[in-house]
Amino acid sequence: ISESDELRAFEATGIYRLAESGATFLDPVRILNASYRRFRLVPSAYYSRSFGTSRQGGEAETERTGEASPERKKRKRQPKPRELNEVERMAEARHQEARPLLLSAHKSLLKAKDLLEFLPRMIKEDVRVLDVESNLEKNLVELGSSWRAPFCEMTLCFQKSSGENSEEGICLKTSTPLFNSTISIEENDDAEGEFQDRHYILPRRCCFLMTDLKHVRGLIPDNYNQGYNLIVVDPPWENGCVRQKVAYPTLPNRHFLYLPVQELAHSTGALLVLWITNREKLWKFVEEELFPAWGVKDHTVFYWLKVKPDGSLIGNLDLLHHRPYECLLVGYINLDKETVRGSKFKFLEERRLEISYMIKINPQLVKELLSEYIPGPKPARCIELFARELVSGWTSWGNEPLRFQDAISPMVE
Ligand code: SAM
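Residues numbered from 1 in each chain as written. Predicted model: local features only at pLDDT ≥ 70, side-chain atom pairs only at ≥ 80, totals over all residues. Heavy atoms only, no water.

Asker: Hey, could you go over the pattern of salt bridges for me, with residue numbers and the actual values?
Answerer: Oppositely charged side chains can pair when the atoms bearing their charge come close. Going through the model one piece at a time under the given rule, you end up with 13 salt bridges. A salt bridge links Asp-27 to Arg-30, with the shortest nitrogen-to-oxygen separation between them at 2.8 Å. We classify Asp-27 as buried; its relative accessible area is 1%. Given a relative accessible area of 24%, Arg-30 falls into the partly exposed group. A salt bridge links Lys-160 to Glu-187; the nearest nitrogen and oxygen atoms lie 2.8 Å apart. Highlighted residues: Lys-160 in strand β3 (residues 153–161) and Glu-187 in the loop between β5 (183–184) and β6 (191–195), separated in sequence by 27 residues. Assessed through its relative accessible area of 29%, Lys-160 is described here as partly exposed. Members of the salt-bridge network, linked through shared partners, are Arg-94, Glu-280 and Glu-287. (Salt bridge = Lys/Arg side-chain N within 4 Å of Asp/Glu carboxyl O. Buried < 20%, exposed > 50% of the residue type's maximum accessible area, 1.4 Å probe, protein only. Helix = DSSP H or I, 4+ residues; strand = E, 2+ residues; numbered from the N terminus.)

The following block contains the structure:
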């Protein structure tokens, strides 16, 4: 396949395979647009979450990378080189293990000239500022935990054609409790939700539950055959970054031990994908306590290397506390290897890598990348825990799964 064929495939799917290194470059906007029928994500608005000048842009930058703003950087003096402590040495050893893979993937991206020329055009110059400065999202989190929550209702609007020859649709309205209650869009068409004069886009066949962790057991299906084959978890880890605390509330590690992932898994097994920061103590907690408690086995690592629109890394690869990559730990729950032998299912063993803009990787991207490793019947049943947006065909749970579904912001037009 020539380079330009690969670019054409990328334009259609949002996935560009860098054959030389086995890494993949992903465009979340193209992949996510498959979620919508009547609506489109606006690339410039979506990417402003990463590259914009708004608080949102700053948030996306600091939330994951812990990177300081240029002004703060100027004020900071360069620390003198010092000996690493034991934990830092362990983190460095982990980094050195990943380094050759990361470097070869980045090298192959820099060689994909057609893709690099195409990327800046994808993020238009007129990056628009998202309307997220209001305290709306915070209010949803606060409102959901207040005495008023049981009284909040969302009005759902389903578009129906008004006649055979008519382009115009009519809106069929129905009301449903907003918090602590599962909302499913069974239709194969996007719906709209209205709450407190705000409109939200609800992609076709999405399902969400907006609750606090205290009520997470409301997600557990009645029987294991209705469980999930792909479980993506992006926990609000504590990391001491003040800006992150402004972005969303965090939780102490021990709280995640209570997530009922075993009960959410399908009887034929589930692939579990966990976002994890580069903190060594967190890795220890996950590998020694969390995964054993959740019953996750045979886990491997995926790396997400973050680049700027020109393809350069968002930071120095070897900077100890600010790595330009994140990790996903991927493992199996309830998997009976005997039953899956001979089926089309592939067992995930190798470390893998993908590259994307420094915007977060959306759960649907994870599904696209890992589809052949997901056990159980097809189409796979998928759930994201601690979600902030909705995806067609997925169940999304958290205390703000509507956060990026606001139709007033230019994200969806
Ligand atoms: N996957 C999301 C994304 O990339 O947009 C990011 C999720 S963020 C790391 C963690 C989420 O957990 C935030 O939306 C936060 O509000 C939510 N959260 C924090 N405490 C929670 C709680 N007690 N119950 C439910 N969700 C909570």
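Asker: So, the packing of helix α6 (residues 86–111) against helix α11 (residues 280–294): which residues are in play, and what are the values?
Answerer: Axis separation between α6 and α11 bottoms out at 9 Å; the angle between their running directions is 75 degrees. In this view, α6 runs roughly perpendicular relative to α11, as classed from their interaxial angle. Across from Val-87, Met-90, Ala-91 and Arg-94 in α6, the residues of α11 making contact are Glu-280, Trp-283 and Glu-287. When the residues that make up the contact of α6 with α11 are grouped by side-chain class, the tally is four nonpolar, no polar and three charged. (Axes fitted to C-alpha atoms, helices over the stretch in contact; angles between N-to-C directions. Parallel < 35°, antiparallel > 145°, perpendicular 65-115°, else oblique. Contact = heavy atoms within 4.5 Å. Nonpolar A, V, L, I, M, F, W, Y, C, P; charged D, E, K, R; others polar.)

Asker: Help me get a handle on the pairing of strand β11 (residues 297–307), residues and values and all.
Answerer: Two faces belong to every sheet, and in a regular strand the side chains alternate between them. β11 sits mainly inside the fold: eight of its 11 residues count as buried. Pairing analysis gives seven bridges linking β11 to strand β12 (residues 325–333), with the strands arranged antiparallel. Looking at β12, one finds that Val-301 is bridged to Leu-329. (Pairing = 2+ DSSP bridges.)

Asker: Break down the pairing of β3 for me, with residues and values.
Answerer: Alignment of β3 against strand β4 (residues 169–177), held across nine bridges, turns out to be antiparallel. Bridge pairing in β4 places Leu-156 opposite Thr-174. Bridge analysis of β3 against β6 gives four bridges, and the strand direction is antiparallel. For Cys-157, the partnering residue across the bridge sits in β6 and is Glu-192.

Interpretation in functional terms is not warranted from these geometric data alone.
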